[in-house]
Amino acid sequence: MHGPDIQWYVILSAILFTTGALGVMLRRNPLIILLSVEIMLNSANLLLIAFSRLHGREDGQVFAISVMAVAASEVVVGLGLIVAMGRRNVELDVDKLRTLRG
Amino acid sequence: MKIAAWICLLLPLASALAITIAGTRIPRRAAAYVSTLTTMGAFVAAVVAFFDMWSKAPHARAAATTSWTWLSAGQYHFGLTLLVDQLSIVMMLIVAGVGSLIIAYAVGYMDGEDEERRFFAYMSLFVFSMLLLVEGGNLLLLLAGWGMVGLSSYLLIGYYQERASAIAAAKKAFVMNAFGDATMALALFLLIKVTGRLDYAGVFAHSPHGGTTANLIALGLLGGALAKSAQLPLHTWLPDAMEGPTPVSALIHAATMVTAGVYLIVRTHVLFENAYIVQDLAAGLGAATLVMAGLIALVQTDIKRVIAYSTMSQIGYMFVGAGLGAYPNAMFHLMTHAFFKALLFLAAGIAIHAVTGEQDIRKLAGVGKLMPFTKIVFLIGSLALVGIFPFAGFFSKDSIIAAALAHGTYGAIIWVACIVGAFLTGVYAFRLYFIVFTGEPSAFAREHFHAHHDKEGPLSMLWTVGTLAVLALVGGFLQFAPVWHPLTDWLAPVAAPITDPSNTQEWITSGFALAVGLAGIGVAYVLYVARTVPVPKALPLFEKKFYWDELYDVLWYRTADAFSRMLGTVIEVPLVAGAISAMAGLAGASSRELSVAQSGLVRTYALFLAGGLAILTLVFLAAR
């Protein structure tokens, strides 16, 4: 086994996930929120691949690839929405978009 | 013979289906001819089967044919079996024969109706159902036919569907018949439980003699027979059923369907003999019905209703015959009654048809002067009904009354009732005849009468009525018990009589019945022609039909209505409706409170999500 131990991967993944989560919760620009979501997804991918390597099995890597595919489609939809907002001159601030409140 | 029986059964069904499927693609007249020709074809098949049967030895005449197993339930299997024997062939000939005459009559009567196709499809359906009832080889098929004749009767009573009274009458007939169907079904359940089968021979061989079970079985069957044949206490639907077109009244509510109850008792006479109390009850109810219906018929003013009450009364005679065990006599009267009662209805139909559908005898008064042919055939029918020699009723009715004389004290009481009934028959039948067909035409009749191409009606109506008049004239000579009795001999292997009046009793009864019948005619003559004695005022008891409708109204409708209203105020409003509105209010209030949490801020949602996840993680860690 080469490289760092598994706990370093876990710690890095946790830092990345927390960064992403804080980004989603604190930022108001939808572009940044989308980026933060990507960071969270990739922290999960990192864990999948790390454990896949630890156990010497490939299914984790396969799963990581499918997560990427899903993430790509999600970005397409999200960016599409943001572009649509931009075209309609809607201010890019999620706190202003609260027509669904009860 | 078996093939002929199948053809006889299936031709009317084919006609009903063909007319229904063809719909508006065929002209209205075509439906009438299809229905007439197929019913005549069924009659020809029945005649072929009859001669085939005749050529065999008396005990080799019955034949059963099973096409396939119709119904299987566990260990019970019931075949689609036709049983053609001496009894069912008689019924087949009557149903298909009288049926084809009446449907041929309807070709003229219904000409110009908007929905002729529907009418003739229903008529064919009825003939099929009735043939299924009489040809069915087990009690289950009989019950199926029983229900289907009830259905076609319902459809045809309500034929004029734009008339509220016709719809009400149809519903009334259906409900009362459904009651009879239910008691019959219960009797069949008991039979299956006791004998494990429903074919006639097996049931007769294995059913118990005497005891509660036998009585209950016979009582259930009797309930069905009473409802179908409009006998006390399930009779109130028949007069209302006159809302249907006149050919329907003639075919279903006079000649065939209403006599099915008599056929049932004769067919299952073994079960009734095993429960002689119930059989005596049948005779008693028949006697009560025939007197009561005769009294009501005295004061009715609707020509068809008078004939309807006379039908109830005549079926009462048949019930007396079947109840006392004189089965051939009951079947004989069933046959002659089919002839002369169909004749009376159809002749009345010609008169009604010629006077723009009027049925009130006071308005029809004297119309006979304008239509001599109808007058003569109606006179023949009335004489046959009253039982004047040599018309059909004389032979058949008197033989039933004679059977009562040969049945001990109970029979003697019934004999008196029958003689009283014969007197009443003379009065009401000739009241009708004298008012409608003799004397000067009323202003109404003169104004509204219009001849059909200088004839009294379409040709199809005249020749069929003429044929029935001939049958009513000569049909009785088939059997004259003191001298010759081919029908009794013919039916002996299936339904041998258990009451056999002596020749003396026959002669005495015939003399009495003829005398009181003539006396009745004399009374009617004095009251309505000579008018030397004023007509007595009608008793309200008779005009109100012995208050049966009012009794049932109070007993069932008002009780159920009051009970439902009580349930409505006590249970429906506070409990059911209250509980539902309380639940709705609770859901509304709580969701209004909870909607505060829906701030619309996605970031808040994410925070709650993360916070919840953190708490869950802590909980799981602590729980470890």
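As shown above, the structure is provided for reference.
Let me begin by describing the structure that accompanies this report.

Reading the values: the criteria
Residues numbered from 1 in each chain as written. Chains lettered and ligands numbered in written order. Predicted model: local features only at pLDDT ≥ 70, side-chain atom pairs only at ≥ 80, totals over all residues. Helix = DSSP H or I, 4+ residues; strand = E, 2+ residues; numbered from the N terminus. Buried ≥ 20, exposed ≤ 12 C-beta atoms within 10 Å, placed from the backbone. Contact = placed C-beta atoms within 7 Å. Core = buried A, V, L, I, M, F, W, Y, C linked by C-beta atoms within 7 Å. Expected span 1.5 Å × (residues − 1). Bend = angle between axes of the 7 residues up to and from the residue. Pairing = 2+ DSSP bridges. Axes fitted to C-alpha atoms, helices over the stretch in contact; angles between N-to-C directions. Parallel < 35°, antiparallel > 145°, perpendicular 65-115°, else oblique. Left-handed = near helix turned anticlockwise from the far one by under 90°. Nonpolar A, V, L, I, M, F, W, Y, C, P; charged D, E, K, R; others polar.

**So, the overall build of chain B**
Now for step 1: Along its length, chain B carries 26 helices and two strands.
Now for step 2: Seen along its three principal axes, the alpha-carbon backbone of chain B occupies a region of about 110 × 60 × 55 Å.
Now for step 3: Buried residues in chain B amount to 53% of all 624 residues.
Now for step 4: The contacts in chain B between residues at least 6 apart in sequence include a share of 80% that link residues at least 24 apart.

**Observations regarding the nonpolar core**
Now for step 1: Counting residues in hydrophobic clusters, the biggest one holds 214 residues, and the most contacted among them are Cys8(B), Leu131(B), Ala342(B), Leu343(B) and Ala472(B).
Now for step 2: The residues touching Leu131(B), leaving out its near neighbours within four places in the chain, are Cys8(B), Leu9(B), Pro12(B), Ala42(B), Met92(B), Val95(B) and Ala96(B).

**Brief notes about helix α1 (residues 2-22) of chain B**
All names here are of chain B.
Now for step 1: Over its 21 residues, α1 extends 30 Å from the first C-alpha to the last, a length consistent with the 30 Å expected when each residue adds 1.5 Å.
Now for step 2: The sharpest bend along α1 comes to roughly 30 degrees, located at Leu10, with the proline Pro12 sitting one to four residues further on.
Now for step 3: For α1, the set of buried residues is Ala4, Ala5, Cys8, Leu9, Leu11, Pro12, Ser15, Ala16 and Ile19.
Now for step 4: Elements that come into contact with the buried residues of α1 comprise α2 (28-54), β1 (63-73), β2 (76-84), α3 (86-109) and α4 (116-135).
Now for step 5: Just downstream of α1, Gly23 is the residue with a positive phi angle, here 55 degrees.

**Considering the pairing of β1(B)**
All names here are of chain B.
Now for step 1: Bridge analysis of β1 against β2 gives eight bridges, and the strand direction is antiparallel. Along β2, the bridge assignment pairs Thr65 with Leu82.
Now for step 2: In this antiparallel pair of consecutive strands, β1 and β2, the connection spans two residues, and Gly74 shows a positive phi of 60 degrees.

**As for the packing of helix α15 (residues 327-354) of chain B against helix α18 (residues 392-405) of chain B**
Residues and elements named next belong to chain B.
Now for step 1: Across the interface, α15 lies against α18 with an axial gap of 9 Å and an inter-helix angle of 150 degrees. Judged by the angle between their axes, α15 and α18 are roughly antiparallel. Like other packed secondary-structure pairs, α15 and α18 cross with a definite hand, here left-handed. Together, Asn329, Ala330, Phe332, His333, Thr336, Phe339 and Phe340 of α15 and Ala392, Gly393, Ser396, Lys397, Ser399, Ile400 and Ala403 of α18 make up the contact between the two elements.
Now for step 2: For the contact of α15 with α18, the residue count by class is seven nonpolar, six polar and one charged.

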